[in-house]
Amino acid sequence: MVGLKEELLKSIWHAFTALDLDRSGKVLSHNLCTVLNVPHDPVALEEHFRDDDEGPVSNQGYMPYLNKFILEKVQGNFDKVEFNRMCWTLCAKKNLSKSPSLLSDEDAFKVWVIFNFLSEDKYPLIIVPEEIEYLLKKLTEAMGAGWQQEQFDHYKIALNTSREGLSAWELIDLIGSGQFSKGMDQQTVSMAINEVFNELILDVLKQGYMLKKGHKRKNWTERWFVLKPNIISYYISEDLKDKKGDIILDGNCCVEALPDKDGKKCLFLIKCLDKSFEISASDKKKKQEWIQAIQTTVSLLRAGSPPPHKEARQKRKELRQKLLAEQEELERQMKELQAANENKQKELETVRKQLEAAAARAAEEEKKRLQNQVELQDRFSLELEREKMVRQKMEEQVAQKSSELEQYLQRVRELEEMYKQLQEALEDEKQARQDEETVRKLQARLLEEESAKRAELEKWHLEQQQTIQMTEAEKQELENQRMIKEQALQVAMQQLEQLELERKQALEQYEEVKKKLEMAANNTKSWKDKVAHHEGLIRLIEPGSKNPHLITNWGPAAFTEAELEERQKSWKGKKAASE
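Residues numbered from 1 in each chain as written. Predicted model: local features only at pLDDT ≥ 70, side-chain atom pairs only at ≥ 80, totals over all residues. Heavy atoms only, no water.

By the naming in an unreviewed UniProt entry, the protein chain is Switch-associated protein 70, taken from Psilopogon haemacephalus. What UniProt states about the protein chain under its Subunit (unreviewed entry) heading is, verbatim, "The SWAP complex consists of NPM1, NCL, PARP1 and SWAP70." (UniProt positions renumbered as here; feature names shortened; annotations may be inferred.)

**Student:** Just to check I follow, could you spell out the packing of helix 7 (residues 129-143) against helix 9 (residues 168-176) for this structure?
**Tutor:** Each pair of packed helices gets described by two things: the angle between the helix axes and the distance between those axes. The interhelical angle for the contact between helix 7 and helix 9, taken along N-to-C directions, is 35°, at an axis separation of 12 Å. Judged by the twist between their axes, the crossing of helix 7 over helix 9 is right-handed. The residues of helix 9 that touch helix 7, namely those facing Ile132, Leu135, Leu136 and Leu139, are Leu171, Leu174 and Ile175. Looking at the contact of helix 7 with helix 9 residue by residue, the classes come out as seven nonpolar, no polar and no charged. (Axes fitted to C-alpha atoms, helices over the stretch in contact; angles between N-to-C directions. Helix = DSSP H or I, 4+ residues; strand = E, 2+ residues; numbered from the N terminus. Left-handed = near helix turned anticlockwise from the far one by under 90°. Contact = heavy atoms within 4.5 Å. Nonpolar A, V, L, I, M, F, W, Y, C, P; charged D, E, K, R; others polar.)

**Student:** When you look at the confidence of the model for the protein chain in this model, what are you seeing that I'm missing?
**Tutor:** Detailed conclusions should not be drawn from predicted coordinates in areas where pLDDT is low. When pLDDT is averaged along the protein chain, the result is 81; 88% of the residues meet or exceed 70. Of the regions scoring below 50 in pLDDT, residues 51-60 engages in five contacts with residues more than four places distant in sequence or in other chains. Low pLDDT (under 50) marks residues 537-542, which in the prediction has 13 contacts with non-local residues, meaning those over four places away or in another chain. (pLDDT = per-residue confidence, 0-100.)

**Student:** Just to check I follow, could you spell out the packing of aromatic side chains for this structure?
**Tutor:** Geometry of an aromatic ring pair is reported as the spacing of the ring centres plus the angle between the planes. This model, assessed by the stated rule, comprises 15 aromatic pairs. Taken together, Trp88, Phe109, Trp112, Trp169 and Phe197 form an aromatic cluster joined through their ring pairs. The ring of phenylalanine 109 has arginine 85 sitting right over it, with the charged end atom 4.3 Å from the ring centre. Of note, arginine 316 hangs over the ring of tyrosine 134, and the distance from its end group to the ring centre comes to 3.6 Å. (Phe/Tyr/Trp six-rings, centres within 6.5 Å; stacked < 30°, edge-to-face > 60°. Lys NZ or Arg CZ within 6 Å of the ring centre and 35° of its normal.)

**Student:** Can you walk me through unusual backbone geometry in this structure?
**Tutor:** Across residues other than glycine, the phi torsion is negative in most instances, and most of the peptide bonds are trans. Proline 124 follows tyrosine 123 through a cis peptide bond whose omega is -5°. Summarising the element assignment, proline 124 is placed in the loop between helix 6 (105-118) and helix 7. Of note in the backbone geometry, aspartate 203 takes a positive phi value of approximately 55° without being a glycine. Summarising the element assignment, aspartate 203 is placed in the loop between helix 10 (186-200) and strand 1 (206-213). One non-glycine residue, lysine 218, lies in the positive phi region at around 60°.

**Student:** Which parts of the structure should I look at to understand the sheet that holds strand 2 (residues 220-228)?
**Tutor:** Across a sheet, paired strands are connected by hydrogen bonds in the backbone, their directions being either parallel or antiparallel. Read across the open sheet, the seven strands follow the order 4-3-2-1-7-6-5; overall the sheet is antiparallel. Unpaired on one side and paired on the other, strand 4 (243-248) and strand 5 (254-258) mark the two borders of the sheet. Neighbour-to-neighbour, the strand axes of this sheet turn through a mean angle of 35°, independent of strand direction. Across five bridges, the pairing between strand 6 (residues 267-271) and strand 7 (residues 276-280) is antiparallel. Pairing of lysine 271 across the sheet is with serine 276, part of strand 7. (Pairing = 2+ DSSP bridges.)

**Student:** Just checking my understanding: could you explain the state of the cysteines for this structure?
**Tutor:** Covalent bonding between the sulfur atoms of two cysteines defines a disulfide. Throughout the structure, instances matching the rule amount to zero disulfides. For the unlinked cysteine cysteine 253, the closest cysteine sulfur is that of cysteine 272, found at 3.4 Å. (Disulfide = S-S within 2.5 Å.)

**Student:** Could you clarify how one ought to interpret the nonpolar core in this entry?
**Tutor:** Side chains that are nonpolar tend, in soluble globular proteins, to be buried together. Formed by 62 residues in total, the largest nonpolar core has its most connected members in Leu8, Leu32, Leu36, Phe83, Trp112, Leu139 and Ile175. The leading source of residues in this core is helix 6, at nine residues. Setting aside its immediate chain neighbours within four residues, leucine 139 contacts Ile175, Ala192, Ile193 and Val196. Counting 21 residues, the second-largest nonpolar core is a separate cluster that includes Leu227, Cys266, Phe268 and Ile279. (Core = buried A, V, L, I, M, F, W, Y, C linked by side-chain atoms within 4.5 Å. Buried < 20%, exposed > 50% of the residue type's maximum accessible area, 1.4 Å probe, protein only.)

**Student:** Looking at this structure, how should I read a nonpolar patch on the surface?
**Tutor:** Together, Leu330, Met334 and Leu337 make up a nonpolar patch on the protein surface, roughly 310 Å² of accessible area in all. Within the secondary structure, methionine 334 sits in helix 12 (residues 308-468). Residue classification places methionine 334 among the partly exposed residues on the basis of a relative accessible area of 46%. (Patch = residues over 30% accessible without salt bridge, like charges linked within 9 Å, V, L, I, M, F, W, Y side chains within 5 Å. Areas by Shrake-Rupley, 256 points an atom, 1.4 Å probe, with all protein chains shown as cover. Salt bridge = Lys/Arg side-chain N within 4 Å of Asp/Glu carboxyl O.)

**Student:** Please explain the environment of histidine 14 as it appears in this structure.
**Tutor:** Secondary-structure assignment places histidine 14 in helix 1 (residues 2-18). When the C-alpha atoms of histidine 14 and asparagine 95 are compared, they prove to be 9.5 Å apart, with 81 residues separating the residues in sequence. Once you skip the residues sitting within four places of it in the chain, histidine 14 turns out to touch Cys91, Trp112, Phe115, Asn116, Leu125, Ala168 and Trp169.

**Student:** Would you mind going over helix 9 with me for this structure?
**Tutor:** Because an α-helix packs 3.6 residues into every turn, residues spaced three or four apart end up facing the same way. Among the nine residues that make up helix 9, seven are buried, leaving the element largely enclosed by the rest of the structure. Just past helix 9, the residue glycine 178 takes up positive phi, approximately 75°.

**Student:** Would you mind going over the side chain of lysine 317 with me for this structure?
**Tutor:** With respect to the helices, strands and loops of the structure, lysine 317 is situated in helix 12. Not counting the four nearest positions on each side in its chain, lysine 317 is found in contact with Ser119 and Asp121.

Rendered as structure tokens:
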């Protein structure tokens with residue numbers, strides 16, 4: 001019922017849009033109730049279409065009434081051709097073109113009905129290029145002409161560039177123009193339209209003259225057979241005015257070929273539950289076509305499938321819907337991609353602006369950097385010149401310092417050499433002191449011997465003085481003794497001279513040692529002055545202080561005061577003992 005309602009709505013839409021909006025509802029509703037065999041409810045009609053403050057009735061306002069009071073009550077027991085003709089009558093006069101056409105009014109009506117069958121289920125109604133191609137191919141095939149695919153492709157391209165499809169009136173003008181039926185007369189075109197109309201609208205799957213065997217009289221009579229999805233009707237002639245009977249088809253029916261008999265050829269049998277029908281075709285080809293068509297119809301009834309052309313239309317529509325859904329999905333994805341692309345473009349534009357700003361900043365920074373670089377280069381050049389000057393000065397200072405260091409090292413080497421020489425001088429002084437000590441000890445020993453000799457000589461002198469006072473005898477004796485003693489004194493004097501000579505030699509040696517010591521002291525003093533002049537790098541080792549020399553009657557001697565006092569005491573004691 002849903003498919004039937006959609007088919008009815010398409011024809012009603014044409015009629016409704018062609019009439020005046022204020023009066024179309026009442027006129028159209030009355031006619032629809034008549035042709036659709038729906039009980040007419042004038043009270044509901046007047047109630048729905050009465051004038052009120054909302055103004056004239058709109059086409060949106062008519063749909064609730066149409067659905068509730070008319071379409072929901074349709075049972076299907078009405079003449080579809082009469083229904084379509086009523087709607088056609090209401091809309092054709094206003095919309096049908098007056099230009100010359102190959103189509104008669106009847107042919108235009110049939111094309112209009114075919115349009116409603118093949119058009120899309122959306123308003124305003126249009127037929128898409130795929131369905132136009134399907135219809136034109138059917139018409140060309142019915143006319144026995146060849147299909148011009150290239151010609152239609154050019155037309156399709158031109159059509160797609162301007163709009164989605166054609167309206168019913170544009171389709172009628174296209175077919176009536178003869179653009180795709182060149183060389184065909186009006187009668188051929190009319191027959192082709194009628195054949196396609198019978199197939200698509202009247203559900204005629206096959207039709208033609210055949211012989212039928214009667215059930216009572218068993219005679220063979222020619223009849224015009226019309227095969228529909230659930231019935232085979234047979235008429236006296238092809239004008240369908242005098243129906244002779246029907247063969248009701250269902251899933252239990254079958255068809256089978258029969259051998260030739262009774263002078264009849266190309267026989268086949270249609271078996272139904274209550275009755276069987278023997279049919280004779282004009283030739284074997286027609287026989288096979290009818291058997292194949294009836295078997296196909298029975299198979300569709302068993303499967304509960306619609307007629308082939310309706311099923312094909314549904315499949316084409318589903319395919320278009322699928323393609324449309326895919327296209328819409330693709331468009332949606334394209335929009336998303338476009339939106340994403342726009343966002344990306346905006347982002348890229350933003351990034352580009354940012355990059356331009358960054359480039360500008362970079363250029364400015366580069367300019368500043370170059371300027372700074374030039375300034376730095378100038379500054380670096382000045383600093384480099386300064387550095388060169390400073391380096392030159394430093395090199396000069398380094399050279400000077402190196403020279404001073406060389407001089408310092410030379411002075412250090414000289415000081416080391418002087419230190420070595422000083423050490424040697426100190427060793428010489430030490431050796432001289434040792435020699436002096438040895439000479440002093442030798443001199444002391446000689447002085448002791450001299451002192452002993454002198455004490456002995458004094459003793460002898462005292463004894464001689466004593467002997468002078470003695471008698472002459474004694475004097476003589478003493479003289480002799482004196483002589484002896486004189487001799488002994490001479491010997492002692494000789495020894496004393498020898499000792500004096502040795503003393504002089506020792507004194508000479510002492511003088512030499514003293515000179516050496518003075519020279520060493522002078523050297524030591526000069527080295528000390530040099531060392532003090534060289535910032536006291538080396539502390540000189542100085543000899544100890546010497547006591548002043550004492551000079552005796554026999555010359556200078558190395559006696560200390562304590563030693564001299566000790567010797568004086570010794571001499572005084574010896575002198576007292578001799579007295």
